[in-house]
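Each chain is listed here by its residues.
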Amino acid sequence: MEHKTFLGKSNLRVPRLGVGAMTWGDAKGLARLHPAKTAYGGAHGFEEEKRALEFSLEAGVNLFDTAAMYSNGAAELRLGELARGKDVIIATKFPGGFSMKEEELPKQLEASLKRLGREYIELYQHHYPMPKISIPKLMDQLANVVEAGKVKAVGVSNYSAEQLREAHAALAKRGIPLASNQVEYSLLNRKPEVDGVLEACRELGITLIAQTPLAGGRLTGKYSAQNRAGGLFRRILPQYSRKAMEEMQPVIKLLREIGEKYSKTPSQVALRWLIENPAVLPIPGAKNGKQAADNAEALTFSLTAEEVQRLSQATMAWRK
Ligand SMILES: NC(=O)c1ccc[n+]([C@@H]2O[C@H](COP(=O)([O-])OP(=O)(O)OC[C@H]3O[C@@H](n4cnc5c(N)ncnc54)[C@H](OP(=O)(O)O)[C@@H]3O)[C@@H](O)[C@H]2O)c1
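Computed from a predicted structure; not experimentally measured.

Draft legend 1. Spatial organisation of the site of the ligand. The local shell around the ligand holds 29 residues, among which Gly 20, Met 22, Leu 214, Gly 217 and Gly 285 are the closest. Looking at which element gives the most residues to the shell around the ligand, the answer is helix H13 (residues 289-296), with three residues. Residues of the shell around the ligand, tallied by class, amount to 10 nonpolar, 15 polar and four charged.

Below you can see the structure in the form of structure tokens.
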């Protein structure tokens, strides 16, 4: 399978896998308490984030995902600093926000451009829908910034199938494709297959960007009931409990078994299962160079249809 693709029906040519840079950056003050820093087991700092970017670029992975809200802007600042002068495609997000109004979008965009040190953003995504935000009005604002040349492609995140259709239709009126919807999707969270999101993406030609594709590190095989992941969320959320860690061990065993055939790790096989679907593009989070290099290797092999099927069959309990 080709290593590059177009993001949805946009003109943005991207690798079939990106890098999640949510934990990057030096949070200051209260931003140190932001979930991007506290919930997922800490970060590895400037040098390792630099290596993560460099190793990814060497492997042909030049798509990096961040958001304005990650560590209150510190993640965007770091990505902008590391990406300066390099062939890097930046995907960032603006907050849904309880109080945000559609007309505030240009202000949000300017703040992100400033932190990133860029003239334009390749993929600008609405982070999560909010009841008070009118999707058609927001898409109109996004169409304006595309026409002004400040955004190359429009994406959304955490949108339902219905919201996706509404956003797609509103942008289509302005002649602009909705490029992507970023939702959680992995072997241990197959919700997009049952809630209509994957189907809507396929039908409308929208790329499903799979966030948390390694199930927050659980699919790497390094965590178990005895060796649980660090970080507040990974301590308190049920999917990281001892019981849940035990229940997923047969999945890890199968990932190892399939991986042995190709000399690949469980993470690489888990990412490959997503990549085998042409509508899906995973963005595994990488905290250091080793993780980034490891994840990029998911682009270097293929699974057979039978192996894809075996993995799908073995994770039916997570398809709900
Ligand atoms: N749109 C949204 O609402 C939303 C929400 C969540 C995430 N995201 C995006 O999705 C990206 C990825 O999600 P995520 O970080 O939550 O989950 P993930 O990609 O499933 O897991 C990433 C974590 O797994 C561990 N890891 C990654 N690669 C590894 C490797 N090769 N070997 C060993 N350990 C490895 C690292 O943590 P440890 O080393 O601590 O185990 C890393 O932080 C984020 O960076 C963000 O861009 C978006």
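Draft legend 2. Layout of the sheet that holds strand E10 (residues 280-282). Spatially, eight strands are ordered E3-E4-E5-E6-E7-E8-E9-E10 in an open sheet, and the strand pairing comes out parallel. Single-partner strands in this sheet number two, and they are strand E3 (19-20) and E10. Two elements, strand E9 (residues 207-211) and E10, share three bridges in a ladder whose sense is parallel. Bridged to Ile 209 within E10 is Leu 281. Against the sheet, helix H6 (residues 161-173) contacts strand E7 (151-157) and strand E8 (178-184), and its axis sits at roughly 160 degrees relative to E8.

Draft legend 3. Molecular detail of the pairing of E7. Burial analysis of E7 places six of its seven residues in the buried class, which makes it a mostly covered element. Pairing of strand E6 (residues 121-126) with E7 involves five bridges; the strand directions are parallel. Its bridge partner lying in E7, Gln 125 is registered against Gly 155. Taken together, E6, helix H5 (residues 135-147) and E7 constitute a β-α-β crossover, and its handedness is right-handed. Bridge count for E7 against E8 is four bridges, and the pairing is parallel. For Gly 155, the partnering residue across the bridge sits in E8 and is Ser 180.

Draft legend 4. Layout of the packing of helix H4 (residues 105-116) against H5. Close contact between H4 and H5 brings their axes to 10 Å; oriented N to C, the two are set at 50 degrees. Put simply, H4 runs oblique to H5. For the pair H4 and H5, the crossing hand works out as right-handed. Together, Leu 105, Pro 106 and Leu 109 of H4 and Leu 138, Gln 141, Leu 142 and Val 145 of H5 make up the contact between the two elements. Residue composition of the contact of H4 with H5, by class: six nonpolar, one polar and no charged.

Draft legend 5. Structural context of unusual backbone geometry. The residue Asn 72 is not glycine, and still its phi comes out positive at about 50 degrees. Mapped onto the secondary structure, Asn 72 falls in the loop between strand E4 (63-65) and helix H3 (74-83). Classification of Asn 72 by C-beta neighbours within 10 Å gives buried; the count is 20. The phi torsion at Asn 158 lies on the positive side, around 60 degrees, for a residue other than glycine. Mapped onto the secondary structure, Asn 158 falls in the loop between E7 and H6. On the basis of neighbour count, Asn 158 is assigned to the partly exposed category, with 18 C-beta atoms found within 10 Å.

Draft legend 6. Seen up close, helix H8 (residues 197-204). When we look at burial in H8, the residues that qualify are Val 197, Leu 198, Ala 200 and Cys 201. The buried residues of H8 occupy one face: seen down the axis, they fall within an arc of 165 degrees. Gly 205 occupies a position one or two residues after H8 and carries a positive phi of about 70 degrees.

Draft legend 7. Main features of the environment of Arg 118. Secondary-structure assignment places Arg 118 in the loop between H4 and E6. For Arg 118, a count of 18 C-beta atoms within 10 Å gives the class partly exposed. Considered as a pair, Arg 118 and Ala 83 are 35 residues apart in the sequence and their alpha carbons are 9.9 Å apart.

Reading the values: rules and limits
Residues numbered from 1 in each chain as written. Predicted model: local features only at pLDDT ≥ 70, side-chain atom pairs only at ≥ 80, totals over all residues. Near = placed C-beta within 6 Å. Helix = DSSP H or I, 4+ residues; strand = E, 2+ residues; numbered from the N terminus. Nonpolar A, V, L, I, M, F, W, Y, C, P; charged D, E, K, R; others polar. Pairing = 2+ DSSP bridges. Contact = placed C-beta atoms within 7 Å. Axes fitted to C-alpha atoms, helices over the stretch in contact; angles between N-to-C directions. Buried ≥ 20, exposed ≤ 12 C-beta atoms within 10 Å, placed from the backbone. Right-handed = clockwise from strand over helix to strand, strands pointing away. Parallel < 35°, antiparallel > 145°, perpendicular 65-115°, else oblique. Left-handed = near helix turned anticlockwise from the far one by under 90°. Arc of directions from axis to C-beta.

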